[in-house]
Amino acid sequence: MHLDQKISLKPFHTFGMEVEARYFIEPRTKEEILTLLNYRNMIHMPVLILGGGSNLLFTKDFDGLVIRIKSKGIEVHESDQDYVRITVQAGEDWDPFVQFCVERRWAGLENLSLIPGTVGAAPIQNIGAYGVEVKETIESVHFVEIDSGIQKRFTNDECDFGYRESIFKKSLKGKIIILDVTFRLLKTSAIDISNQEHLKLDYGLIREELWMMNITRPGISDVREAVCAIRRRKLPDPAKVANAGSFFKNPFIPEEQKNVLCDRFPSMPWYPEQFDVKNVGLNSDNPVMFKIPAAWLIEQCGWKGHREGDAGVYPDQPLVLVNYGNAGCQQILDLMKRIIDSVSDRFGIILEPEVNIH
Ligand code: EPU
């Protein structure tokens, strides 16, 4: 393992900000991560864990140790006739892992195709897209506590997953390093080809895309292809235009507020969700909440395609803020604040950032 000093973090996160880490290291195995923690605990300094760096906005240099997880390995446990269990090291890239599963006809992750980042980062914000969240396939998460070096394995329940949430973003935030994740996926080679029950096609755009692809009886590789096509069309490729995916979370509001807004803005889309009360800190007996697309709210406030210098709101998906070249952190933060203020003034809804701001 090589410890670098005063390293630019620009190549290691997708927002492309010119910021520096005081120390930087890339452990390539679980053992290297554990060794590193022993050493770190002797010198005490702030630690930042980096996976693919695809959900981060740096606002300043990081005066501590950045640990970029590069541990690789996929271990397949043949569990039973219908399901397969797979343990994946945290540093594996997410989309190649999804492809690995789809090629073997293991279902469950195909809707999550082409999401940037690493496997270790996936449970932290419970990545989700096109009607699926990763929590549906995670059996357990194995991690180490940074301060004590103690390893633990949390079951799915213990991870306390919610919409873009988990215990790793709440009480364990900044305190642990995920070492590996165990998934449980359905073996579709074992089921009748005409059985489509395992496919998640309810997110409208998927059926539309499959229809455009002329596919009437899709398999999981068709779903993957459809999702990749939608994402390529709607979302900026971080390799071409720097961004961190959805910058904001979709807000959830109670029914009363939804009704008042619908009267004033009849075209406002809304989706009812059975909400897990503990994950939003609500004190309500009625956990049905209404998800309002932040993209719609932002578009209504006139931000879609807006650009100031190199900072902008992506024209095809206003939920995504982009850095067209040399936008500074402050420029993105200013834009974020103005968007939040205008949505709040017009709709009384406070948008929350989805990206991790450091
Ligand atoms: N919309 C607009 N204007 C637009 C685009 C969208 O009004 O220009 C409205 C429409 O009503 C549309 C709705 O927003 O029906 C939903 O749009 P979309 O399907 O693109 O999904 P999203 O809710 O905006 C979420 C995730 C995305 C994920 C998509 C697809 C969050 C914060 N974002 O976006 O995740 O790909 O669903 O499932 O939940 C990411 O996290 O980086 C990410 C891209």
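See the structure printed just above.
The structure presented is a predicted model; accordingly, all values stated were derived computationally and were not measured.

What am I meant to see in the overall build of the protein here?
Regarding its fold elements, the protein presents seven helices and 21 strands. Taken over the C-alpha atoms alone, the protein extends approximately 60 × 55 × 45 Å along its principal axes. For the protein, the proportion of its 358 residues judged to be buried stands at 49%. A separation of at least 24 residues holds for 61% of the contacts in the protein among residues at least 6 apart in sequence. Of the roughly 17100 Å² of accessible surface on the protein, a fraction of 48% belongs to carbon and sulfur atoms.

Explanation requested: the pattern of salt bridges in the structure shown.
Pairing is possible between side chains that carry opposite charge, provided their charged atoms lie close to one another. Using the criterion set out here, one finds 23 salt bridges in the structure. Taking the shortest distance from any N to any O, the salt bridge between Glu 145 and Lys 152 comes out at 2.7 Å. Two residues, Arg 164 and Glu 354, come together in a salt bridge whose shortest N-O distance is 2.6 Å. Taken together, the residues span a long stretch of sequence, with Arg 164 in the loop between β12 (151-155) and β13 (176-187) and Glu 354 in the loop between α7 (329-347) and β21 (356-357) at a distance of 190 residues. Here Arg 164 falls in the buried class, since its relative accessible area comes to 14%. With a relative accessible area of 4%, Glu 354 lands in the buried category. Each member of the salt-bridge network shares a partner with another, and the members are Glu 26, Arg 28 and Arg 68.

Got a minute to help me understand the site of the ligand in this structure?
Residues in contact with the ligand amount to 24 residues; listed here are only the nearest, Tyr 130, Arg 164, Tyr 203, Glu 299 and Lys 304. In the environment of the ligand, an oxygen atom lies 2.6 Å from a nitrogen or oxygen atom belonging to the side chain of Arg 164. In the environment of the ligand, an oxygen atom lies 2.6 Å from a nitrogen or oxygen atom belonging to the side chain of Lys 304. Compared with its free state, where it exposes 830 Å², the ligand has 82% of that area covered by protein. Breaking the shell around the ligand down by element, the ones donating at least two residues are β9 (128-129), β14 (242-246) and α6 (294-300). In terms of residue count, α6 provides more of the shell around the ligand than any other element does, three residues in total.

What am I meant to see in helix α3 (residues 204-212) here?
Residues spaced three or four apart along an α-helix face the same direction, because each turn holds 3.6 residues. Along α3, the residues that are buried comprise Ile 206, Glu 209 and Leu 210. Down the axis of α3, the smallest arc covering the buried residues is 100°, so these residues share one side. The outward face of α3, more than 90 degrees from its buried face, is lined by the exposed residues Trp 211 and Met 212. Elements that come into contact with the buried residues of α3 comprise α4 (220-234). Note on α3: the residue one or two positions beyond its end, Asn 214, has a positive phi of about 70°.

What's the story with the nonpolar core in this structure? I'm lost.
Soluble globular proteins: nonpolar side chains tend toward being buried together. Counting residues in hydrophobic clusters, the biggest one holds 59 residues, and the most contacted among them are Trp 94, Phe 97, Leu 109, Phe 168 and Phe 183. Once you skip the residues sitting within four places of it in the chain, Leu 109 turns out to touch Trp 94, Phe 97, Val 98, Cys 101, Val 134, Thr 137, Phe 183 and Leu 185. Within the second largest apolar cluster, 48 residues are counted, among which are Leu 48, Leu 261, Met 268 and Cys 329.

So what exactly am I meant to see when it comes to the sheet that holds strand β20 (residues 320-323) here?
Sheets are built from strands paired through backbone hydrogen bonds, the pairs being either parallel or antiparallel. Strand order in this open sheet of four strands is β14-β20-β19-β18, and the pairing throughout is antiparallel. Every other strand in the sheet has two partners, leaving β14 and β18 (307-308) as the edge strands with one partner each. With three bridges joining them, β14 and β20 adopt antiparallel strand pairing. Residue pairing across strands places Ser 246 opposite Val 320, the latter belonging to β20.

What is the right way to look at helix α5 (residues 255-264) in this model?
The complete set of buried residues in α5 reads Lys 258, Leu 261 and Cys 262. Each buried residue of α5 lies within a common arc of 105° when the element is viewed along its axis, so the set occupies one face. Those residues of α5 that are exposed and angled more than 90 degrees off the buried face are Glu 256, Val 260, Asp 263 and Arg 264.

Definitions and limits used
- Residues numbered from 1 in each chain as written.
- Predicted model: local features only at pLDDT ≥ 70, side-chain atom pairs only at ≥ 80, totals over all residues.
- Heavy atoms only, no water.
- Helix = DSSP H or I, 4+ residues; strand = E, 2+ residues; numbered from the N terminus.
- Buried < 20%, exposed > 50% of the residue type's maximum accessible area, 1.4 Å probe, protein only.
- Contact = heavy atoms within 4.5 Å.
- Areas by Shrake-Rupley, 256 points an atom, 1.4 Å probe, with all protein chains shown as cover.
- Salt bridge = Lys/Arg side-chain N within 4 Å of Asp/Glu carboxyl O.
- Near = heavy atom within 4 Å.
- Polar contact = N/O pair within 3.5 Å; in protein donor to acceptor, adjacent residues only side chain to side chain.
- Arc of directions from axis to C-beta.
- Core = buried A, V, L, I, M, F, W, Y, C linked by side-chain atoms within 4.5 Å.
- Pairing = 2+ DSSP bridges.

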